[in-house]
Amino acid sequence: MNILAIDTTTKVAGVAILNNDKIICESISNEITHSEKLLPLIDSTLEKSNLTLKDIDMYAAINGPGSFTGIRIGLSTLKAFSMIDNLKTFSLSSTLLMAYTSYLNNIDKFNKCEKIYALSMIDARNDRVYYALNSIHTNSDNKIVLDAILETSNDLIDDAINAIKQIINDETIIIAGNCINKYNEKLNTYFSNAILEDMYPTSCDLISAYQNISNAKDYIYDTYTLDAFYARASQAERLQNNEK
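Residues numbered from 1 in each chain as written. Predicted model: local features only at pLDDT ≥ 70, side-chain atom pairs only at ≥ 80, totals over all residues. Heavy atoms only, no water.

A. The arrangement of the packing of aromatic side chains in detail. Summed over all chains, the structure comprises four aromatic pairs. Geometrically, the ring pair formed by Tyr59 and Phe81 is tilted, given 5.8 Å between the ring centres and 40 degrees between the ring planes. Placement of the pair is Tyr59 in strand E4 (residues 58-62) and Phe81 in helix H2 (residues 68-85), with a sequence separation of 22 residues. Assigned by exposure class, Tyr59 and Phe81 land together as buried. For the ring pair Tyr103 and Phe110, a centre distance of 5.6 Å and an interplane angle of 25 degrees mean the geometry is stacked. Across this residue pair, the class does not change: Tyr103 and Phe110 are buried. (Phe/Tyr/Trp six-rings, centres within 6.5 Å; stacked < 30°, edge-to-face > 60°. Helix = DSSP H or I, 4+ residues; strand = E, 2+ residues; numbered from the N terminus. Buried < 20%, exposed > 50% of the residue type's maximum accessible area, 1.4 Å probe, protein only.)

B. Geometry of the sheet that holds strand E1 (residues 3-7). Strands sit in the order E3-E2-E1-E4-E5-E11 across an open sheet of six strands; the sheet is mixed. Both edges of this open sheet fall to strand E3 (22-29) and strand E11 (220-221), since each of them pairs with a single strand only. Both strand E5 (residues 89-92) and E11 contribute to a ladder of two bridges, which runs antiparallel. Counterpart to Phe90 in the pairing with E11 is Ile220. Of the strands in this sheet, E1, strand E2 (12-19) and E3 touch helix H1 (residues 34-48), which is tilted by about 25 degrees from E2. (Pairing = 2+ DSSP bridges. Contact = heavy atoms within 4.5 Å. Axes fitted to C-alpha atoms, helices over the stretch in contact; angles between N-to-C directions.)

C. Representation of the pairing of strand E9 (residues 173-177). Here E9 lies mainly inside the structure; five of its five residues are buried. Judged by which residues are buried, E9 turns out to be covered on both faces: Ile173, Ile175 and Gly177 on one side and Ile174 and Ala176 on the other are all buried. As defined by bridge partners, E9 adjoins strand E10 (residues 194-198) across five bridges and the pair is classed as parallel. Residue pairing for E10: Ile175 is matched across the bridge by Leu196.

D. Just the sheet that holds E9, in detail. Ordered in space as E8-E7-E6-E9-E10, the five strands form an open sheet in which the pairing is mixed. Of all strands in the sheet, those bounded by a partner on one side alone are strand E8 (144-156) and E10. Neighbouring strand axes in the sheet, compared pairwise and without regard to direction, differ in orientation by 20 degrees on average.

E. Fine view of the environment of Ser94. For Ser94, the position within the fold is in helix H3 (residues 94-105). Residue Ser94 is classed as buried on the basis of its relative accessible area of 0%. Each C-alpha atom of the pair Ser94 and Asp7 lies 9.4 Å from the other, and the pair is 87 residues apart in sequence.

F. Layout of the pattern of salt bridges. One pass over the structure, following the stated rule, counts three salt bridges. Salt-bridge contacts for Lys182 lead to Asp123; the nearest nitrogen and oxygen are separated by 3.4 Å. One end of the pair, Lys182, is in the loop between E9 and helix H5 (184-190); the other, Asp123, is in strand E6 (residues 116-125), with 59 residues separating them in the sequence. We note a salt bridge from Lys186 to Asp158, for which the minimum N-O separation is 3.0 Å. Of the two residues, Lys186 is situated in helix H5 and Asp158 in helix H4 (residues 157-165); the sequence distance between them amounts to 28 residues. Under the relative-accessibility criterion, Lys186 is labelled partly exposed at 28%. (Salt bridge = Lys/Arg side-chain N within 4 Å of Asp/Glu carboxyl O.)

G. How the structure looks around the packing of H1 against H2. Taken N-terminus to C-terminus, the directions of H1 and H2 make an angle of 45 degrees; their axes are 10 Å apart at the nearest point. When the axis of H1 is compared with that of H2, the two are oblique. In the crossing of H1 with H2, the sense of the turn from one axis to the other is right-handed. Listed contacts from H2 to His34, Ser35, Leu38, Leu39 and Ile42 of H1 are Gly70, Ile73, Gly74, Thr77 and Phe81. Residues that form the contact of H1 with H2 fall into these classes: five nonpolar, five polar and no charged. (Parallel < 35°, antiparallel > 145°, perpendicular 65-115°, else oblique. Left-handed = near helix turned anticlockwise from the far one by under 90°. Nonpolar A, V, L, I, M, F, W, Y, C, P; charged D, E, K, R; others polar.)

H. Structural context of the pairing of E6. Of all 10 residues in E6, eight are buried; the element is thus mostly enclosed. As paired elements, E6 and strand E7 (residues 128-138) share nine bridges and run antiparallel to each other. In the strand pairing of E7, Leu119 is matched with Leu133. Pairing of E6 with E9, which is carried by five bridges, proceeds in the parallel orientation. In the strand pairing of E9, Leu119 is matched with Ile175.

Shown next as structure tokens:
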């Protein structure tokens, strides 16, 4: 199966292609909008893979939360592709993919069959974070199982920590995200058995998740059911409603 995966949830636009069990990945980071760079990036990655869009069997995308504009550009592009080709799209939230990726990165530190907490945190600026809590383990089929404990929310960092502390005590927890270094001291204070990893998942991680999570079929959508996941109103909506 040939899979074309994209990520436009941050300033770094990422494209990856699975071709003959080999992942080819490209990304670009600059201030130029994804609307100008995404299609050329897709073209160049296809060319490196000796493929065209006609050779693609499935699309994949991170659907948020993240940049409002970036998410809309990425999903609109894949919706247009899938409408023409009548192909499905595998799509995960950035918080769920972060839990999966950080688990794989640290899997040698615990018993794979043991359920581990995975807390995902994304910087939402102004001391706010997007966060989600999952339990995660490897089943007897060597597939990774993710169970949601707290769905993705947006809160001040202190409120997010308090919400998590109501659920866990001193259990082992992986805390991963793009703001871990920023809140390192605070997280170490509240979570004594935490494995901290400052990271953000990529389009390559998305393909890996499709291959390895136990319920990948639950995250496959068509043109009409593929949707963005913002987890927070846009800045314009917040200003209109006098919200922070």
